[in-house]
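Spelled out, the chains give:
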Amino acid sequence: FNKQNGAREGKKKVLIVVTDGMTYPGNKKWETINMAKANIRANIHSYVVALPAMNGTLIGHDEWNAIATGNDPDPMGVMDPNVFALDTFDQLREIINDIVNKACMTM
């Protein structure tokens, strides 16, 4: 997110992270969370698309919430609204336009 790589002054920066789980190896988790905090400080609007791991489970909720910048968790505080947790890879085709539209609305 710098001029040399195409960032433009006065334009919002949007990051879409696609993941199938949590940071591996686990001892690197805090690097991920610290980078997410740095992105928030840099005013980068972040979205997470969480896909199931090979065994079909969704793991990494705490990291996804740290990365996403919805700042308005659902009433139960379970998932940031900028996290799209999918049950199958096929669902990605169904919601990709919603994700792109939501990201573009922040700009």
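Residues numbered from 1 in each chain as written. Predicted model: local features only at pLDDT ≥ 70, side-chain atom pairs only at ≥ 80, totals over all residues. Heavy atoms only, no water.

Undergrad: What's the story with helix H1 (residues 29–41) in this structure? I'm lost.
TA: Helix length check: H1 (13 residues) gives 19 Å between terminal C-alpha atoms against 18 Å at 1.5 Å per residue, within 8%. Residues of H1 that are buried include every one of Ile33, Ala36 and Asn39, and no others. In an axial view of H1, the angular spread of the buried residues amounts to 115°, which keeps them on one side of the axis. Away from its buried face by more than 90 degrees, H1 exposes Trp30, Glu31, Met35 and Arg41. Buried residues along H1 sit against strand E1 (13–19), strand E2 (44–50) and helix H2 (61–67). After H1 finishes, the residue Asn43 shows a positive phi value of roughly 65°. (Helix = DSSP H or I, 4+ residues; strand = E, 2+ residues; numbered from the N terminus. Expected span 1.5 Å × (residues − 1). Buried < 20%, exposed > 50% of the residue type's maximum accessible area, 1.4 Å probe, protein only. Arc of directions from axis to C-beta. Contact = heavy atoms within 4.5 Å.)

Undergrad: What is the right way to read the pattern of salt bridges from this model?
TA: Should the charged atoms of two oppositely charged side chains come close, the side chains can pair. Applying the stated rule across the entire model yields four salt bridges. In this structure, Glu31 and Lys28 form a salt bridge, with 3.6 Å as the shortest nitrogen-oxygen distance. Using a relative accessible area of 36% as the deciding quantity, one classes Lys28 as partly exposed. For the salt bridge of Arg93 with Asp90, the shortest nitrogen-to-oxygen distance reads 3.5 Å. Note that Arg93 and Asp90 are positioned in helix H3 (residues 90–105) at a spacing of three residues, about one turn of the helix. You can call Asp90 partly exposed: its relative accessible area is 46%. (Salt bridge = Lys/Arg side-chain N within 4 Å of Asp/Glu carboxyl O.)

Undergrad: Would you explain the sheet that holds strand E3 (residues 83–85) in this entry?
TA: Two strands in a sheet stick together by hydrogen bonds in their backbones, pointing the same way (parallel) or opposite ways (antiparallel). Taken together, three strands build an open sheet; the order of strands is E1-E2-E3 and the sheet is parallel. Across the chains shown, the open sheet's two edge strands, defined by having one partner strand only, are E1 and E3. Direction aside, neighbouring strands of the sheet carry axes that sit 10° apart on average. Here E2 pairs with E3 via three bridges, running parallel. Residue pairing across strands places Ala50 opposite Ala85, the latter belonging to E3. (Pairing = 2+ DSSP bridges. Axes fitted to C-alpha atoms, helices over the stretch in contact; angles between N-to-C directions.)

Undergrad: Help me understand the packing of aromatic side chains in this model?
TA: Aromatic rings considered in pairs are described by the distance between their centres and by the relative angle of their planes. Here the structure, examined in full by the defined rule, presents zero aromatic pairs. Across from the ring centre of Trp30, 5.7 Å away, lies the NZ or CZ of Lys29, which sits over that ring. (Phe/Tyr/Trp six-rings, centres within 6.5 Å; stacked < 30°, edge-to-face > 60°. Lys NZ or Arg CZ within 6 Å of the ring centre and 35° of its normal.)

Undergrad: When you look at the pairing of E1 in this model, what are you seeing that I'm missing?
TA: For a regular strand, the rule is simple: side chains alternate between the two faces of the sheet. Sheet topology note: the E1/E2 ladder contains seven bridges and is parallel. Counterpart to Leu15 in the pairing with E2 is Ser46. Regarding topology, H1 serves as the crossover connection from E1 to the parallel E2, and that connection is right-handed. (Right-handed = clockwise from strand over helix to strand, strands pointing away.)

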